[in-house]
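# A closer look at the structure
Listed below, chain by chain, are the residues.
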Amino acid sequence: MSVHGIERRIERPGAAAAPSLRGEMAGLVKLALPIVIALASAMLIGVVDTIMIAPLGTEALAAASIVASFGMIFYAGLYGFVSATGVRMASAHGSGDAGALAAATRAGLTIAALAGTGGAAAMLALLPSLDRLGQPREVTAIVGGYWAAMSLILVPYTVFYALKGLFDAVDAPWIGVALAFVAVALNVPANWLLIHGIGGWEGFGLLGAGLASLLSQTVSLLVGWVVLRRAAVVGGARGPARGLREERRAQWREGAAIAVGYVGEGGAFALTGLMMGWFGAQALAANQIVTSVGVVLYMVPLGVSIAVSIRIGQARGAEARERLRTIGLAALAVVVGWMAAVMTAVLLGGAAISDALSEDAEVVALATTLFVIVAAMQIGDGVQGAMLGAARGMEDNRVPVAITLVCYWLLALPAAYALGFRTGLGPGGVWIGYGGGLAVAAVAVTWRFFAKAR
């Protein structure tokens, strides 16, 4: 089939008449639902790790918290690059341009492989610095192998999410769901075997959790690659690429801007984890319980963020600018409703979750308190994420990134330190200060989007 033949087969999802707010909400939820399921399934790997690491003791759980805090910087930054890729794919799909879609796909996968490799090397290089950052000695003594495994996972992680962005952009997000479940299904038995062993073999302990996650993510990526090479729904992405060199430059430029914002956010999150370490191993363990649950719950606003960036990208590709504000309002309505439900669930269930994941009374009491504080942050956190996704869809990245950097580094972190260490509020004060910065960012990026979408 010729290139033009392929182009004629690509639908133009933004070309229809502009839907109402209710119609945009329905379209957004339809796209976001499988994205959320896929993301939540992927994040369940971290929850499974937490559950299966917990019997190893407080120090092992604290070590997992340190890795999660630092790893967030790299996961967030690398996700920034693939976010740009997904928007470019969505715009090409929306315009019905198969050559542009093929270029976006090839450029995105190349960039993802290079960025993931660089991220893995950088995270490995940071390992020796842990002892100089005030973390408990008994924790840093056991973290090395797990840190290394979770550094290496950045390579398949980044390429996988670039590939998943293609499936989302062409309105085939359930493929991503299936691939994510491949990883989760493999992770559970792999964790059991590699952490705790079998028969007379005692397993690798904490290191086994990292190896299981690395194996699971790699296998999921390999299955996704087979789908890319064979599935008809992404046939346009396999065709001749047009303007590949320019596409690479555009993705590097936009991806770098988004990555700076995500690294800034991830870095701020990591510093709150370091602050928890200054209170001791129990505070780190409690923080790990709360954040591992919170990350899964946040997959809905993150999924909405991805979905709204795709729908806005498709609308821009189809030159349907009149839809932009309505898509943004739909995203706000969906995410606020969900986060209100999450807030209620966390308030009601935080104590039970804490008690189920630790036998240390001090850890349980502190985690229960932190769950209450985190519940209060949910709506602001969700709104900020959704509106950053809307800005990405418009390829308006630099100003929203600057807003978030100011809010996190000049407001949230100083407030977290002051409330945690200067007022006697302790670990809870760290999260209260951090949440205040989040709320300011949510208001600012929302205003920015609607100003640009006029």
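Residues numbered from 1 in each chain as written. Predicted model: local features only at pLDDT ≥ 70, side-chain atom pairs only at ≥ 80, totals over all residues. Heavy atoms only, no water.

## Comments concerning the overall build of the protein chain
Scanning the protein chain from terminus to terminus reveals 16 helices and 0 strands. In terms of overall dimensions, the protein chain is globule-like: its C-alpha atoms have a radius of gyration of 21 Å, near the 22 Å expected for 454 residues. The principal-axis extent of the C-alpha atoms belonging to the protein chain is close to 65 × 50 × 35 Å. Within the protein chain, the fraction of its 454 residues that count as buried is 60%. Expressed as a percentage of contacts within the protein chain between residues at least 6 apart in sequence, the contacts between residues at least 24 apart total 84%. Element-wise, carbon and sulfur atoms account for 67% of the exposed surface of the protein chain, whose accessible area totals about 17,400 Å². Mean positive and mean negative side-chain charge positions of the protein chain (29 and 24 charges, respectively) differ by 14 Å. (Helix = DSSP H or I, 4+ residues; strand = E, 2+ residues; numbered from the N terminus. Rg over C-alpha atoms; globule rule 2.2 N^0.38 Å. Buried < 20%, exposed > 50% of the residue type's maximum accessible area, 1.4 Å probe, protein only. Contact = heavy atoms within 4.5 Å. Areas by Shrake-Rupley, 256 points an atom, 1.4 Å probe, with all protein chains shown as cover. Lys, Arg positive; Asp, Glu negative; His and termini not counted. Charge placed at Lys NZ, Arg CZ, Asp CG, Glu CD.)

## Looking at the packing of helix α6 (residues 144–152) against helix α9 (residues 206–230)
Contact geometry of α6 with α9 gives a least axis separation of 8 Å together with a crossing angle of 10°. Taken together, the axes of α6 and α9 are roughly parallel relative to one another. Contact residues: α6 offers G145, Y146, A149, M150 and L152, while α9 offers L206, L207, A209, G210, L211, S213 and L214. When the residues that make up the contact of α6 with α9 are grouped by side-chain class, the tally is 9 nonpolar, 3 polar and no charged. (Axes fitted to C-alpha atoms, helices over the stretch in contact; angles between N-to-C directions. Parallel < 35°, antiparallel > 145°, perpendicular 65-115°, else oblique. Nonpolar A, V, L, I, M, F, W, Y, C, P; charged D, E, K, R; others polar.)

## A look at a nonpolar patch on the surface
On the surface, L193, I198, W201, F204 and L211 cluster together to form a nonpolar patch covering roughly 460 Å² of accessible area. Here W201 is to be found in the loop between α8 (174–196) and α9. A relative accessible area of 37% places W201 in the partly exposed class. (Patch = residues over 30% accessible without salt bridge, like charges linked within 9 Å, V, L, I, M, F, W, Y side chains within 5 Å. Salt bridge = Lys/Arg side-chain N within 4 Å of Asp/Glu carboxyl O.)

## Structural notes on the environment of V300
In this structure, V300 sits in helix α12 (residues 299–317). Residues V300 and A439 lie 139 residues apart in sequence; the distance between their C-alpha atoms is 18 Å. Not counting residues within four places of it along the chain, the set of residues in contact with V300 comprises V36 and W338.

## As for the nonpolar core
Counting 141 residues, the largest nonpolar core has M387, W431 and Y434 as the members making the most contacts within it. Ranked by the residues each element gives to this core, the list is headed by helix α3 (residues 58–95), at 20 residues. Sequence-distant contacts of Y434, that is, excluding residues within four places in its chain, are made with E265, A268, F269, T272, M377, Y408, A412 and A416. (Core = buried A, V, L, I, M, F, W, Y, C linked by side-chain atoms within 4.5 Å.)

## Some details on helix α13 (residues 324–357)
Helix length check: α13 (34 residues) gives 43 Å between terminal C-alpha atoms against 50 Å at 1.5 Å per residue, more than 12% under. Where α13 bends most, at G349, the angle is about 55°. (Expected span 1.5 Å × (residues − 1). Bend = angle between axes of the 7 residues up to and from the residue.)

## Concerning the packing of α6 against helix α7 (residues 154–169)
Close contact between α6 and α7 brings their axes to 4 Å; oriented N to C, the two are set at 30°. In terms of orientation, α6 lies roughly parallel with respect to α7. Contacts from M150, S151 and L152 in α6 reach L154, V155 and P156 in α7.

## Description of the pattern of salt bridges
Under the defined criterion, the tally for this structure stands at 10 salt bridges. The partner of D168 in a salt bridge is K164, with the nearest N and O atoms 2.9 Å apart. With a gap of 4 residues between them, D168 and K164 both fall in helix α7, about one helical turn apart. E395 is paired through a salt bridge with R316; the nearest N and O atoms lie 3.8 Å apart. Of this pair, E395 sits in the loop between α14 (361–393) and α15 (398–422) while R316 sits in helix α12, and the two are 79 residues apart along the sequence. Within the structure, one salt-bridge network assembled from shared partners comprises R88, E247, R316 and E395.

## Topic: the environment of A367
Checked against the element boundaries, A367 lands in helix α14. The exposure class assigned to A367 is buried, which follows from its relative accessible area of 0%. In contact with A367, not counting residues within four places along its chain, are A286, I289, V290 and S354.

## As for the side chain of T85
Here T85 lies in helix α3. Using a relative accessible area of 1% as the deciding quantity, one classes T85 as buried. In terms of polar contacts, T85 uses its side chain to reach the side chain of Q251, at 2.7 Å. (Polar contact = N/O pair within 3.5 Å; in protein donor to acceptor, adjacent residues only side chain to side chain.)

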